Amino acid sequence: MLLSFAKWLAATPLSQTLQAALWVVPAVQSVHILAIAAVMTSVWVLTFRLLGLSGRGRLVSQVSGDVAPWIWWALGVLLLTGIILIIIEPSRELTNAAFLTKMSLIPVAAAPTYVLQAAVRRDAALWDRQGAVSLAIKIGAVAVLGVWIAIAVLGRFIAYVEYA
Ligand code: HEM
């Protein structure tokens, strides 16, 4: 089903026009990579603050508040640039195990990231108290960081995985 949709999409005038403009893929992938950097840096900074490994001079709520907008705006840019790349090379993405696995992991990483930030925003005083971040939260934060890293690695593997 995805293959026939990919073939239909590749034959559309929009895809044909974008395919003919050879500068579009490298330009859009460059923006995609910059947005990846914004997401990964923000998640890393927040995770290391929760673990108490860095940023201890700032409150958890301050760090979370600072990085939150970068994560969600960058994810919007990733979605937009990703959709453009899919329109240009639909078979390369939609029949690619690395791409499909990556996409299925994005909600697995984004949902707990959002829930944590909402909890910190809702009750900053609780999170800013000394020793307030429990071991369970720390383990969870490391696990979510691991999922974000897996998404990035799968993104890179897209180019090297067989597709229809
Ligand atoms: C939000 C929805 C997203 C969509 C629709 C999307 C889609 C894509 C597509 C179509 C490609 C091109 C693959 C290729 O043809 O080689 C790509 C590459 C990539 N994506 Fe995403 N992506 C999204 C989010 C993310 C996120 C959240 C990350 C990491 C945090 C990520 C990391 C990567 C990486 C590392 C590459 C390879 C870039 C390269 O080597 O040039 N993507 N993505």
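Refer to the structure presented above.
Keep in mind it's a predicted model, so treat the numbers as computed, not measured. (Residues numbered from 1 in each chain as written. Predicted model: local features only at pLDDT ≥ 70, side-chain atom pairs only at ≥ 80, totals over all residues. Heavy atoms only, no water.)

**With respect to the layout of surface pockets**
Sizing a probe to match a water molecule and rolling it over the atoms shows the empty space that remains. Where we set the bar: Definitions used for this entry: grid spacing 1 Å over protein atoms alone; cavity, a set of points where a 1.4 Å probe fits but cannot get out; pocket, an open set with protein on both sides within 12 Å along at least 5 of 7 lines; lining residue, one with an atom within 4 Å of a point. Grid points are joined across faces, edges and corners, and a volume is the space filled by probe spheres set on the points. Put simply, DSSP H or I for four residues or longer makes a helix, DSSP E for two residues or longer makes a strand, and each gets a number counted from the N terminus. By the convention adopted, Pro, Cys, Tyr, Trp, Phe, Met, Ile, Leu, Val and Ala count as nonpolar, Lys, Arg, Asp and Glu as charged, and the other residues, Gly among them, as polar.
Empty space within the largest pocket amounts to approximately 680 Å³. Lining the largest pocket are 26 residues, and of these His32, Ile36, Lys102, Gly155 and Ile158 sit closest to its centre. For the lining of the largest pocket, the secondary structure elements donating two or more residues are helix H3 (24-50), helix H4 (60-88), helix H5 (90-94), helix H6 (97-122) and helix H8 (135-157). In terms of residue count, the dominant contributor to the lining of the largest pocket is H4 (seven residues). Here the residues of the lining of the largest pocket are counted per class, giving 18 nonpolar, four polar and four charged.

**Some thoughts on the coordination of the iron atom of the ligand**
Counted only if it meets this: Only nitrogen, oxygen and sulfur atoms qualify as donors, and only when within 2.8 Å of the metal (3.2 Å in the case of Na, K and Ca); with water excluded, sites may look incomplete. In this scheme the shape depends on donor count and angles: four donors with every angle between 85 and 135 degrees give tetrahedral, four or six donors with opposite pairs above 155 degrees and others between 65 and 115 give square planar or octahedral in turn, and any other case is irregular. Each residue is assigned to one of three classes by its accessible area relative to the maximum for its type, calculated with a 1.4 Å probe on protein chains only: buried under 20%, partly exposed between the two thresholds, exposed over 50%.
Protein coordination at the iron atom of the ligand: the donors are His32 (NE2) and Lys102 (NZ), at 1.8 to 2.1 Å from the metal. For the iron atom of the ligand, the six donor atoms are set out with angles of 82 to 178° between them, so the coordination reads as octahedral. With His32 in helix H3 and Lys102 in helix H6, this pair connects stretches of sequence that are 70 residues apart. Comparing His32 with Lys102 shows no difference in burial state: the two are buried.

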